Amino acid sequence: FFSSLNVDTSNGNIIIMGGDVRNPDAGFGIETVLEYDVKTEIVRRHPKGDMKYARWYGTSVNLPNGDIFVVGGRDDEKRGSPIPEIYSPDTGFRQLKGASIPIIAKETTKNHWWYPHTYVNSHGDLIVIMPRKDNADIYRVDVDGDGAVTRIGRKPFEAHVRSPSIMFRTDQLAFLDDKGALWVADISNSNSVSWEKKNSLGHGRTNGSMALLPDGRVVMVGGARTTDDAGSNLGMAEKSLHYWDPGKNKLVRGDKENNARLYHSSALILPDTSVVSAGGGAPGPVKNRNGQLFHPDYFYDTKQQKVDRSKITESPRNIRSGDSFFVFVDDTSRIVKVTATKSGSSSHTRNCDTRWLNLPFDIVDDTTLRVTAENRNIMIGGLWMLNLIDIHGVPSEAVLMGVDMAAI
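Residues numbered from 1 in each chain as written. Predicted model: local features only at pLDDT ≥ 70, side-chain atom pairs only at ≥ 80, totals over all residues. Heavy atoms only, no water.

A short note on the layout of surface pockets
If you add up the space inside the largest pocket, you get close to 750 Å³. Together, 35 residues line the largest pocket, and Leu 268, Ser 343, Gly 344, Leu 383 and Leu 400 are the ones closest to its centre. Ranked by residue count, the leading element in the lining of the largest pocket is strand E21 (residues 265-269), at four residues. Grouping the constituent residues of the lining of the largest pocket by class yields 19 nonpolar, twelve polar and four charged. Empty space within the second largest pocket amounts to approximately 420 Å³. Taken together, 17 residues line the second largest pocket, and the ones lying closest to its centre are Asp 215, Arg 217, Asp 245, Lys 248 and Asp 297. Residue classes in the lining of the second largest pocket are distributed as five nonpolar, four polar and eight charged. (1 Å grid on protein atoms, 1.4 Å probe; cavity = no way out; pocket = protein on both sides within 12 Å on 5 of 7 lines; lining within 4 Å. Points joined across faces, edges and corners; volume = space filled by probe spheres on them. Helix = DSSP H or I, 4+ residues; strand = E, 2+ residues; numbered from the N terminus. Nonpolar A, V, L, I, M, F, W, Y, C, P; charged D, E, K, R; others polar.)

Next comes the structure, spelled out in structure tokens:
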């Protein structure tokens with residue numbers, strides 16, 4: 001339970017790292033690594049073996065070279081695991097003993113280990129932002145050899161460990177603090193992170209989630225307007241969706257959910273561009289084994305009639321980062337953007353592995369676009385959704401595309 005997972009780009013399977021086994025009680029980390037075979041739909045022990053350290057509530061992200069970085073989590077003695085690890089498809093797991101996260105090592109019983117906010121910037125460097133309100137240090141982690149860690153700053157606001165974050169643009173991260181202020185972190189400089197308070201919801205969204213719409217907006221779902229009861233206060237549940245347009249810095253309140261989505265809730269964008277808000281509970285206060293589907297405003301015109309959408313008629317299943325490729329569509333004259341969103345992995349308010357890109361493209365003829373993928377530090381290997389955006393801001397349905405990975 002409560003492991004971290006990623007796509008193993010070498011074979012397209014899902015690698016599942018750590019978690020716990022609910023025995024003798026919840027929260028005792030394990031080092032077990034499993035593999036889900038996407039073709040046979042079988043889960044098995046990973047052939048490359050387990051991690052070196054037990055981890056419950058750890059963070060993992062794909063790296064530009066195809067490796068996977070794992071950090072944080074709690075061990076089998078309920079202490080933070082300070083030493084990160086690297087998974088390589090060729091050699092399995094190795095320890096980064098030179099990159100022990102200082103605040104986790106210093107205060108092992110405090111939950112600095114709780115899903116550290118971990119992102120790869122456009123230089124391919126790892127930026128790790130600690131989740132607690134106190135001692136919320138920021139580190140750059142070097143994964144070469146035994147690794148190295150450098151403190152490069154501190155988060156300038158208070159946010160519960162259960163507050164969300166997401167990379168909404170290259171090198172740009174969105175965070176919510178406990179009062180509902182929307183902060184943007186610029187991680188383009190690997191030696192220093194700059195912060196700007198951009199907007200405000202008027203209240204926090206503890207246990208809420210963020211997801212990336214194909215038009216580049218950020219949708220926020222679930223959570224509680226308070227940190228009381230660690231964001232599991234049913235009477236303070238935030239049921240309205242919020243949509244934030246980073247380009248215009250415009251924040252709009254959307255539809256309401258039928259159910260509270262608190263601890264263990266999640267958000268997901270489907271290939272048809274609708275939003276799924278699901279889960280919440282275990283331990284409570286309610287256990288929602290259900291989800292709700294939302295259709296953002298781009299589905300309808302001013303008369304609330306469904307709009308016509310551009311169509312991708314043919315596209316490659318796999319591409320290499322940095323390469324150009326052809327996309328065939330119904331009508332190129334309507335297209336103003338081609339966007340790509342990495343599938344990521346959403347858990348406990350975090351989705352550190354997703355990212356949104358506005359890809360360069362040229363019109364070849366009435367039905368053909370030539371699209372250029374970003375370099376591997378920006379368009380990191382994995383499964384991506386490719387969308388067209390038309391002159392009215394309406395996205396097409398997505399096609400799935402593997403980048404720098406095994407054939408899908």
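What follows picks up the thread again.
Details of the packing of aromatic side chains
Counting across every chain of the model gives 14 aromatic pairs. Here Trp 56 and Tyr 57 contribute two aromatic rings whose centre-to-centre distance is 3.9 Å and whose plane-to-plane angle is 25°, an arrangement assigned as stacked. The pair Trp 56 / Tyr 57 is uniform in exposure class, with both members buried. With centroids separated by 4.8 Å and ring planes inclined at 90°, the aromatic side chains of Tyr 57 and Trp 114 adopt a geometry described as edge-to-face. In this pair, Tyr 57 sits in strand E5 (residues 56-62) while Trp 114 sits in the loop between helix H1 (102-106) and strand E9 (117-120), placing the two residues 57 residues apart along the sequence. Of the two residues, Tyr 57 and Trp 114, neither departs from the other in class, the shared state being buried. An aromatic cluster of at least three residues, connected via ring pairs, comprises Trp 56, Tyr 57, Trp 113, Trp 114, Tyr 115 and Tyr 263. (Phe/Tyr/Trp six-rings, centres within 6.5 Å; stacked < 30°, edge-to-face > 60°. Buried < 20%, exposed > 50% of the residue type's maximum accessible area, 1.4 Å probe, protein only.)

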